[in-house]
Amino acid sequence: MENLISMRDLSKEETLDILKNAENIEKGRSLPNLQGKLAALLFFEPSTRTQFSFDTAMKRMNGNTIIMSGSKHTSQQKGETFADTLKTIAQYSDIIIIRSPIEGSARFAAEVVDIPVVNAGDGSNQHPTQALLDLYSIKKTQGTLENLKIGLAGDLRFGRTVHSLAQALSNFNVEFEFISPSFLQMPKNIKEDLLDKNISFEESTEIEGNINDLDILYVTRIQKERFADPEDFEKVKNSYVLKKNMLDDVKNNFRIMHPLPRVNEIDTEVDNTKYAYYFTQAKNGVFTRQSIISMLLGEV
Amino acid sequence: MEKQIKVNAIKNGTVIDHIAAGKALRVIDILNLKGNSSVMIGMNLHSNKIGKKDIIKIENRELSANEVNSISLIAPESKLIIIKNFKVISKSKLQIPDKLDHLIVCPNPNCITNLEKVKTKFKVVKKSPIVVRCLYCEKKYAADDVKVHI
């Protein structure tokens, strides 16, 4: 693995290697030392959480970071090409971690620089480190990634996170329950990809009554702005809020995940149940990103 | 005989035959035919094999690899015939390549290939009907939904 651009590029074995390395880091069996290594965090789109997670991952391994946030800091406004910006930054750093609203920008970055590139999100396309930390979290809570039933709820149409996760899980023997308003359903091309891999899924339009046979429920936020008519949002919004009383009959091993930030789609009362896993999931992001960075820099 | 009356034979050049009826103008659109070549187009001609077909005859011209790849994308069922001195020198079915570089315009306006000077790269993910995937934004498109540029 030279770069991490898309879950499509990773084999099942490579995926499991990253998760194993993350587990070794978390349990203290592996202590990668990145002293003297510098990661350039190029965040052309704001993302405090992902940026902090990468920054923490580097610093936990004695490495350091240089950070560029928002396109206004670049020379692009002076007419410099994106390729030249990347080539220059590659002279200062050992690894580039890039988030951009433009789809394909991380792939392009990996083509023009000769240091490793990590995609920290490119538009509505890929967010592979989120998908890997989600896999790590699922494996940690369930002990396996095989024979699980996983519910994805919320905005499945525009949510990059759920797309990457569905794709990442399609290398394993899983079943999906897609829970969303009808106009925010999982896109056809993702469903086609799943069917090509013989992954079965069901679709439903509300959380209540559809979670009792799940091992994992992955909740995402439905943005009001997606609705053309605000009244339509008012009609459906309560169908996608997870409340404590909905958890009475869930399985013992059931866990709730969320990429965060949460707004109101998981009631705060749920936080104190044993099923809530979203904050630990965020912590797992650091171990997973440590794993990815150390493997790309050959410092495992 | 009837065919020869409708679309004259050429002495030297290329014939694109068995184009699905109605697609000839799209094929013409992607070929660079600004030179001195004479071009003959027959549309909705009778075909024993496919019912109705289009045909294009281009005099004194062989197609580039890029042009052949483009035709294979939009009219994959057609046949390429090379004519020399009124004789058929070669006749071949078009092969759909696995990769199409610098050929397709990505329909996604938020793809980097439409926002920076980046040449497109597509992978053919299905051959019948043809579906391609952009290497950069990873979106999938049916061949009929993409534009080609040469």
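Here the structure is a predicted model, which is why all the values come from computation and not from measurement.

A.B. asks: So what's going on with the side chain of Thr113(B)? Residues and values would help.
C.D. replies: With respect to the helices, strands and loops of the structure, Thr113(B) is situated in the loop between β7 (104-105) and β8 (121-127). Setting aside residues no more than four positions away along its own chain, Thr113(B) makes contact with Cys106(B), Val118(B), Lys119(B), Thr120(B) and Tyr136(B).

A.B. asks: Give me the lowdown on the sheet that holds strand β5 (residues 148-153) of chain A, citing residues and values where you can.
C.D. replies: Residues and elements named next belong to chain A. Taking strand neighbours across the sheet as the criterion, the five strands line up as β7-β6-β5-β8-β9 in an open arrangement whose pairing is parallel. Edge positions in the open sheet fall to β7 (200-204) and β9 (255-257), since each of these has one partner strand only. Strand-to-strand twist across the sheet, computed as the mean angle between neighbouring axes with direction ignored, equals 20 degrees. One ladder, built from five bridges, connects strand β6 (residues 174-179) with β7; its direction is parallel. Residue pairing across strands places Glu177 opposite Glu202, the latter belonging to β7. Its contacts with the sheet put helix α6 (residues 160-169) on β5, β6 and β8 (216-219), and the angle it makes with β5 is roughly 165 degrees.

A.B. asks: Describe the interface of chain B and chain A, with residues and values.
C.D. replies: One widely used convention gives an interface's size as the accessible area the parts lose upon coming together. On the chain A side, the residues contacting the 16 residues of chain B number 20 residues. Summing both sides of the interface, chain B and chain A together bury roughly 1,500 Å²; the carbon and sulfur share of this comes to 42%. If you look at where chain B meets chain A, you find seven salt bridges. Across the chain B-chain A interface, the total number found is 13 residue pairs in polar contact (both at pLDDT 80 or more). Residue composition of the side of chain B that touches chain A, grouped by class: seven nonpolar, two polar and seven charged.

A.B. asks: Outline the sheet that holds strand β3 (residues 51-59) of chain B, listing residues and values.
C.D. replies: Residues and elements named next belong to chain B. Taken in spatial order, the five strands line up as β2-β3-β1-β4-β5 in an open sheet, and their pairing is antiparallel. Since the sheet does not close on itself, it has two edges, and those belong to β2 (39-47) and β5 (87-93), each with one partner. Shown here is a sheet whose adjacent strand axes are inclined to one another by a mean of 20 degrees, direction ignored. Judged from the six bridges that link them, strand β4 (residues 79-84) and β5 form a sheet pairing that is antiparallel.

A.B. asks: Residue-level account of the domain arrangement of chain A, with values.
C.D. replies: Residues and elements named next belong to chain A. Segmentation of chain A into domains returns domain 1 (7-126 + 285-296) and domain 2 (128-282). When the buried area of domain 1 at its contact with domain 2 is split by residue, Met7, Lys12 and Leu19 rank highest and sum to 27% of it. Linking domain 1 with domain 2 are three salt bridges. The salt bridge partner of Asp193 is Arg8, with a shortest N-O separation of 3.6 Å. Inspection of the domain 1/domain 2 interface yields nine residue pairs in polar contact (both at pLDDT 80 or more). Of all the secondary structure elements, the ones that give two or more residues to the side of domain 1 that touches domain 2 are α1 (12-26), α2 (48-60), β4 (117-122) and α9 (278-296). The element best represented in the side of domain 1 that touches domain 2 is α1, accounting for eight residues. For the side of domain 1 that touches domain 2, the class distribution of residues is eleven nonpolar, nine polar and nine charged.

Cut-offs used in this document
- The numbers attached to residues start from 1 for each chain and follow its sequence in the written order.
- The naming scheme follows written order: chains are lettered A onward, ligands numbered 1 onward.
- Owing to the predicted nature of the model, reporting of local features is limited to residues with pLDDT of at least 70; listing and counting of side-chain atom pairs is limited to 80 or more, with chain, interface and lining totals taken over all residues.
- No hydrogens and no water enter the side-chain calculation; it runs on all heavy atoms of the structure.
- Only DSSP runs of H or I covering at least 4 residues are called helices, and only runs of E covering at least 2 are called strands; the numbering of each starts at the N terminus.
- By the convention used here, residues are in contact when the closest approach between their heavy atoms is within 4.5 Å.
- Here the rule is simple: two strands pair whenever DSSP picks up at least two bridges between them.
- Only the stretch in contact is used when fitting a helix axis, every axis being a line fitted to C-alpha atoms; angles between N-to-C directions are given from 0 to 180 degrees.
- Put simply, buried area is how much 1.4 Å-probe accessible surface two parts lose in total, over both of them, once they are put together.
- One speaks of a salt bridge when a side-chain nitrogen belonging to Lys or Arg is within 4 Å of a carboxyl oxygen belonging to Asp or Glu.
- Pairs of N or O atoms are called polar contacts if they sit within 3.5 Å, as long as, within protein, a hydrogen donor faces a hydrogen acceptor (for residues adjacent in sequence, only side-chain-to-side-chain pairs).
- As a working rule, the residues Ala, Val, Leu, Ile, Met, Phe, Trp, Tyr, Cys and Pro are called nonpolar, Asp, Glu, Lys and Arg charged, and the rest polar, with Gly in that last group.
- For the domains described, the bounds stem from an automatic or database domain assignment.

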